[in-house]
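Commentary on secondary and tertiary structure
Given next are the chains, with one letter for each unit.
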Amino acid sequence: MGQLRLPKAGTIEIVPSILSSDFARLADELAQVKAAGVRMVHLDVMDGHFVPNITIGPPVIAKLRKHSDLVFDSHLMISEPEEYAERFVEAGVNNLTFHIEAAKRPEKLIEKLHSWGCTAGVTLNPETPVDSIKDVAPLCDMVLVMTVEPGFGAQTMMPEAAKKVVKVREMVGPEIRVEVDGGINPETAPIVVGYGADTLVAGDAIFGKSDRAAAIEAIRKAAKLTTD
Ligand code: DX5
Ligand code: ZN
C-alpha cells in the first residue's frame, strides 16, 4: 500500500469523513464507500485540546490500514502536530493536513512529511485569514478550507468561510488541491466547486445516509454540474 498517493490535482474527489460513520465498524464503512467509487477517505483526528472533541489516533489508523487501500487523508485537529506527525505516517496515512493555528514550524513539518513519502496539507479555521498560509500553501500538496468550526460533524456550512476558497485557489494555482470540509452536501457542493475547490469532504451527507453509494453519487452529480 506504499504506492497510495493523493490523486493529482485536476479531478473532483468526493472524500467521505469517518466522523459520522459507525466507529465500531470502520473497516466495513470504508469498504462500502470504496465500492461506491471513492478513492480517498478523510480521517478526522481530534485531541480534546485543539478542538473540544476526541476521536482516533495512530493505533486505530494502523489497524484500519490493513483493511483498506483507500488513500488515507488525515486531518489533524491537534495541538503540536510536529510532535505526532511521524506516528501518523508510520500508521499509514498518505496525506497529513495540519492546522496553521497549531503548527510552530510549518515549513519544517512539510519538509519532513515529504521526506517520509507523505503529502502535506495545511488548513485554517473559518476565522483565520487566508494570508496566514501564504508562505506555506505553495509548499503543500493540498490546502483545506474549513467551512465549519472544527470538532463536530453535521454542522451548516459558513458561507463567508466558503468564499475563502476563491482567494486560496488564486494563491495556489491549478496544481495544488483545494479541499473543503464542513457542511458539504448536494446543495453546497456546486457552490464550493464554483469557487475553485476540487476535493470535497462529506461526513453527515454520506455516512448519515443508509445508501452511501446514492449519497456519494448525489454529491458527485451536483458538483459535476458546475464543471461540465
Ligand atoms: C469537522 C471535521 C469534518 C466533519 C465534516 O471538525 O473536520 O471532517 O466530519 O462533517 P460534515 O460533512 O458532517 O459537516
Ligand atoms: Zn475534517
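Our subject is the structure listed above.
So, on to the overall build of the protein chain. Within the protein chain, the regular secondary structure consists of eight helices and eight strands. The proportion of buried residues among the 228 residues of the protein chain is 54%. Across the protein chain, every contact between residues at least 6 apart in sequence was considered, and the portion connecting residues at least 24 apart equals 66%. Averaging the positions of the 24 positive and the 32 negative side-chain charges in the protein chain gives two centres separated by 4 Å.

Now for the coordination of the zinc ion (ligand 2). A four-donor tetrahedral metal ideally has 109.5 degree angles, and a six-donor octahedral metal ideally has angles of 90 or 180 degrees. Taken together, the protein ligands of the zinc ion (ligand 2) are His 42 (NE2), Asp 44 (OD), His 75 (ND1) and Asp 181 (OD), with distances of 2.0 to 2.3 Å. The coordination sphere of the zinc ion (ligand 2) comprises six donor atoms, whose angles at the metal cover 71 to 169 degrees; the geometry is octahedral. Counting residues between consecutive donors of the zinc ion (ligand 2) along the chain gives the motif H-x1-D-x30-H-x105-D. Given the relative accessible area of 3%, Asp 44 is considered buried.

Considered for burial, the residues of helix 3 (residues 81–91) that qualify are Pro 81, Ala 85, Phe 88, Val 89 and Ala 91. Axial view of helix 3: buried residues confined to an arc of 150 degrees, hence all on one face. The inward-facing, buried residues of helix 3 contact strand 2 (40–46), helix 2 (58–65), strand 3 (71–77), strand 4 (95–99) and helix 4 (106–115).

This paragraph deals with the pairing of strand 1 (residues 13–16). Side-chain alternation along strand 1 places Glu 13 and Val 15 on one buried face and Ile 14 and Pro 16 on a second face that is also buried. One ladder, built from four bridges, connects strand 1 with strand 8 (residues 199–202); its direction is parallel. Paired with Val 15 across the bridge in strand 8 is Val 201.

Okay, the site of ligand 1 next. With respect to spatial proximity, 20 residues lie near ligand 1, and among them Ser 17, Gly 151, Ala 154, Asp 181 and Gly 203 are the closest. Backbone polar atom of Gly 203 to an oxygen atom of ligand 1: 2.7 Å apart, as the coordinates give it. In the complex, the protein chains occlude 99% of the 380 Å² of accessible area that ligand 1 would expose alone. With respect to the detected pockets, ligand 1 is housed in the largest pocket.

Inspection of the entire model under this criterion finds 12 salt bridges. Salt-bridge contacts for Arg 212 lead to Glu 29; the nearest nitrogen and oxygen are separated by 2.5 Å. With Arg 212 in helix 8 (residues 212–227) and Glu 29 in helix 1 (residues 26–35), this residue pair connects regions lying 183 residues apart in the sequence. The exposure class assigned to Glu 29 is buried, which follows from its relative accessible area of 1%. Residues joined by salt bridges that share partners form a network here, namely Glu 13, Arg 39, Arg 169, Arg 177 and Asp 198.

For strand 3, a buried count of seven out of seven residues is recorded, marking the element as mostly surrounded by other parts of the structure. Burial of strand 3 is two-sided: the residues Val 71, Asp 73, His 75 and Met 77 facing one way and the residues Phe 72, Ser 74 and Leu 76 facing the other way are all buried. Pairing of strand 2 with strand 3, which is carried by seven bridges, proceeds in the parallel orientation. Considered in strand 3, the bridge of Val 45 is made with Leu 76.

Between helix 2 and helix 3, the shortest axis-to-axis distance is 8 Å and the interhelical angle comes to 20 degrees. One way to sum up the angle between helix 2 and helix 3 is to call them roughly parallel. Two packed elements cross with a definite hand, and for helix 2 against helix 3 that hand is right-handed. On helix 3, the residues that touch Pro 58, Ile 61, Ala 62 and Arg 65 of helix 2 are Arg 87, Phe 88 and Ala 91. In terms of residue class, the contact of helix 2 with helix 3 is made up of five nonpolar, no polar and two charged.

About the thresholds
- Residues numbered from 1 in each chain as written.
- Chains lettered and ligands numbered in written order.
- Predicted model: local features only at pLDDT ≥ 70, side-chain atom pairs only at ≥ 80, totals over all residues.
- Heavy atoms only, no water.
- Helix = DSSP H or I, 4+ residues; strand = E, 2+ residues; numbered from the N terminus.
- Buried < 20%, exposed > 50% of the residue type's maximum accessible area, 1.4 Å probe, protein only.
- Contact = heavy atoms within 4.5 Å.
- Lys, Arg positive; Asp, Glu negative; His and termini not counted.
- Charge placed at Lys NZ, Arg CZ, Asp CG, Glu CD.
- Donors = N, O, S within 2.8 Å, 3.2 Å for Na, K, Ca; no water.
- Tetrahedral: all angles 85-135°; square planar, octahedral: opposite > 155°, others 65-115°.
- Arc of directions from axis to C-beta.
- Pairing = 2+ DSSP bridges.
- Near = heavy atom within 4 Å.
- Polar contact = N/O pair within 3.5 Å; in protein donor to acceptor, adjacent residues only side chain to side chain.
- Areas by Shrake-Rupley, 256 points an atom, 1.4 Å probe, with all protein chains shown as cover.
- 1 Å grid on protein atoms, 1.4 Å probe; cavity = no way out; pocket = protein on both sides within 12 Å on 5 of 7 lines; lining within 4 Å.
- Sits in = over half its atoms within 2 Å of the grid points.
- Salt bridge = Lys/Arg side-chain N within 4 Å of Asp/Glu carboxyl O.
- Axes fitted to C-alpha atoms, helices over the stretch in contact; angles between N-to-C directions.
- Parallel < 35°, antiparallel > 145°, perpendicular 65-115°, else oblique.
- Left-handed = near helix turned anticlockwise from the far one by under 90°.
- Nonpolar A, V, L, I, M, F, W, Y, C, P; charged D, E, K, R; others polar.

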